[in-house]
Amino acid sequence: MKKYIVLLVGLMSIVTASAQFDPQMGQYMYMQTAYNPAAAGEGGLMKVAGMHRMQYVDITNAPMSTWFSFSSPFVIGKTSHGAGVRFLNDRYGLFTNQSLYFQYAYRQKLGNGYLAVGIDLGFANLGFKGDSVNLGKMGDDYHEANDEAVPTGSKSGMKFDMGAGIYYSTPTWWVSASYSHLLRPKIDWSDGTGGMEQEVTLVGTMYIAGGYHFRLKNYKEWVLSPSAMVMSDFVGWDVNMTLMCDYKDRYRWGLGCRIAGSVNILLGVDIISGLQLGYSCELPTNKLLLESYGSHEIYLAYGFDILKPKRTNKYKSVRYL
């Protein structure tokens, strides 16, 4: 019972701090299409990527999230574009979120880099396992067996959704801004019997992120890549900061922290040219650390250059997406 209480307190603190419906992501710098459609086609790479996150391991009904994305650049005449698709399967407590979005980005050469604007169009399906609700001991002053505010049975609903973003990148730095759930879709869980209306609203989240890559002057095989992401729904907010170290453009490790209350250890390797594997372990700095084994995240991606197929001896690393 203690674990359930700690989990509830922890989830409430996260919602208060980050105020976001969308799940957390520790390796945000590697899978930017998950929150910004303008990143589709970035770097001239066709890219397929997946990420799985297990949050608060060893606590029942703790959040678990899976992302999948595919994106590719393409050219029409003298104009540059990007397109893709992304999928999210998210479970947190008795709630589920399954979303599918199609992405498009228009890319324009600007200075030393590219400026892109993009849009997400898709559907969000939200569910709730009302038949698994435990209202505790009935017959006292704190519980009601027939609480109309709690959905009974399994509920689900689907609504059209969209998001938008802007992205600018150069060979050495990048910056992005995006907003999810622009339409604030409302999912209706009412059963049509005239009882209490039951609905949930997808609250929009703003993401502002950026990063820089610089090679050490006297140790050219080493690259340091600091980055940060700010998330807010204009009620609450959170900041995720990360410092990655790359060696020989293949091996990498780093540290991160989240203001909401966690520290992150990140590891990664390019298995072969274009195939990237990443792992992160996020440890809470509150009482959740005593009740769980932290949060674990694994990332796998493959990317290759389709706009310049003749350059077979060089490869643009997907870690800079």
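For the structure, check the block above.
All values reported here derive from a predicted model rather than from experimental measurement. (Residues numbered from 1 in each chain as written. Predicted model: local features only at pLDDT ≥ 70, side-chain atom pairs only at ≥ 80, totals over all residues. Heavy atoms only, no water.)

(A) Highlighting the nonpolar core. Ranked by internal contacts, the top residues of the largest apolar core, which has 24 residues, are Met 25, Met 31, Trp 67, Met 229 and Tyr 299. Those elements that provide at least two residues to this core are strand E1 (45-54), strand E10 (206-212), strand E12 (222-232) and strand E17 (295-305). If sequence neighbours within four positions are ignored, Met 31 has contacts with Met 25, Ala 49, Gly 50, Met 51, Trp 67, Phe 68, Ser 69 and Tyr 299. By size, the runner-up hydrophobic cluster in this structure holds 9 residues, among which are Leu 94, Leu 126, Val 200 and Leu 202. (Core = buried A, V, L, I, M, F, W, Y, C linked by side-chain atoms within 4.5 Å. Buried < 20%, exposed > 50% of the residue type's maximum accessible area, 1.4 Å probe, protein only. Helix = DSSP H or I, 4+ residues; strand = E, 2+ residues; numbered from the N terminus. Contact = heavy atoms within 4.5 Å.)

(B) Main features of the environment of Tyr 207. With respect to the helices, strands and loops of the structure, Tyr 207 is situated in strand E10. You can call Tyr 207 buried: its relative accessible area is 6%. Sequence-wise, Tyr 207 and Met 229 are 22 residues apart; in three dimensions their C-alpha atoms are separated by 6.8 Å. A polar side-chain atom of Tyr 207 sits 3.0 Å from a polar atom in the side chain of Asp 22. (Polar contact = N/O pair within 3.5 Å; in protein donor to acceptor, adjacent residues only side chain to side chain.)

(C) Molecular detail of the pairing of E12. With 6 bridges connecting them, E10 and E12 associate as antiparallel partners. Its bridge partner being in E12, Gly 210 is matched across the sheet by Ala 228. Direction of pairing for strand E11 (residues 214-215) relative to E12: antiparallel, over a ladder of 2 bridges. Counterpart to Arg 215 in the pairing with E12 is Val 223. Linking E11 back to E12 in an antiparallel pair, the connection comprises 6 residues. Bridge count for E12 against strand E13 (residues 237-247) is 11 bridges, and the pairing is antiparallel. When the bridges of E13 are listed, Pro 226 appears paired with Leu 243. Adjacent in sequence and paired antiparallel, E12 and E13 are bridged by 4 residues, among which Phe 234 carries a positive phi angle near 70°. (Pairing = 2+ DSSP bridges.)

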